[in-house]
Amino acid sequence: KSTNITVVILDYDACLPMFEMPSYDVTIPESSPIGSVVTTIHAIGCNQSNNTLWYSLTPQDYFAIDLVSGNVTVKKSLDQEAVYSVYSLVVMVTQPSGDVMANDTVGVSLTIGVTHVDESAPVFGNTIYYFSVPEGNKIREFIGAVSAMDSDWDEYTQIEYSIAGQDLLISSSFVINGSTGDI
């Protein structure tokens, strides 16, 4: 008994698309607006008869990728304190062929660090501070202290005090401790 077998040879490249970098690491401020470009991922196809590349991204919770350009954009508002400070993603690139089963797909890691942005200015405990300086007060003798609070996250609550103003006599006659607010 004999059987006829038909073999169909598809145009399949033995090579895969390659990313320009072995991994991608970027840092953006948490104030980056929705739709802003975070980075652009580039890959090079190896199928000379088809240079089309398609990009995809996982997970897609906070970031998106353009299918054709590889532009990674912000998809949701980022709040470094409330959500994550580092996002670990995978970018896939596919070089499509006529046969879905023969598509060449490879992945690369994309790490996006989100940095904190100071969202609120310090607020003084009092709107006006009154101090009396006795006549004959010694130089560098304590007169009083000012105090301010920053409602931002603990890591960023360092406040630096200074005396500012147009009156040269006052600004040159008094010294403030930049860390404590002591005058």
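Check the entry above for the structure.
About the cut-offs
Each chain carries its own residue numbering, running from 1 in the written order of its sequence. This being a predicted model, a pLDDT of at least 70 is required before a residue's local features are given, and a value of 80 or more before pairs of side-chain atoms are given or counted; all residues contribute to the totals for chains, interfaces and linings. Note: side-chain values were computed over all heavy atoms of the structure, leaving out hydrogens and water. In this analysis, strands are considered paired if DSSP registers two or more bridges between them. What counts as a helix is a DSSP run of H or I of at least four residues, what counts as a strand is a run of E of at least two, and both are numbered from the N terminus. Only the contacting stretch of a helix is used when fitting its axis, a line to C-alpha atoms as for every element, and angles between N-to-C directions run 0 to 180 degrees. Remark: exposure states derive from per-residue accessible area (1.4 Å probe, protein chains only) relative to the maximum for the residue type, with buried under 20%, exposed over 50%, and partly exposed in between. In what follows, residue pairs with any heavy atoms lying within 4.5 Å of each other are defined as contacts.

Novice: Quick one: what's the story with the sheet that holds strand β7 (residues 71-74), residue by residue and with numbers?
Specialist: What the 3 strands build is an open sheet, ordered β3-β7-β6; its pairing is antiparallel. Looking at strand neighbours, the two that pair on one side only are β3 (37-40) and β6 (63-65), the edges of this open sheet. If you compare each strand with its neighbour and ignore which way they point, the axes differ by 20 degrees on average.

Novice: Can you lay out the side chain of Thr39 for me, pointing to particular residues and giving the numbers?
Specialist: Structurally, the position occupied by Thr39 is in strand β3. Taking the relative accessible area as the measure of exposure, Thr39 reaches 15% and is therefore buried. Excluding residues that lie within four positions of it along the chain, Thr39 makes contacts with Val26, Gly70, Asn71, Val72 and Leu110.

Novice: Go over the sheet that holds strand β5 (residues 54-58), please, and point to the residues and values.
Specialist: By way of backbone hydrogen bonds, the strands of a sheet pair with one another, either parallel or antiparallel. Reading across the sheet, the 4 strands line up as β2-β9-β8-β5 and stay open at both edges, with mixed pairing between neighbours. One side of each edge strand has no neighbouring strand; the edge strands of this open sheet are β2 (24-29) and β5. Across the sheet, the axes of successive neighbouring strands diverge by a mean angle of 30 degrees, strand direction being ignored. Note that β5 and strand β8 (residues 86-95) share 5 bridges and pair antiparallel. Bridging from a neighbouring strand, Trp54 pairs with Thr94 of β8.

Novice: Give a detailed account of the environment of Val108, specifying residues and quantitative values.
Specialist: In this fold, Val108 is placed in strand β9 (residues 104-115). Distance from Val108 to Met92, taken between C-alpha atoms, is 6.6 Å for residues 16 residues apart in sequence.

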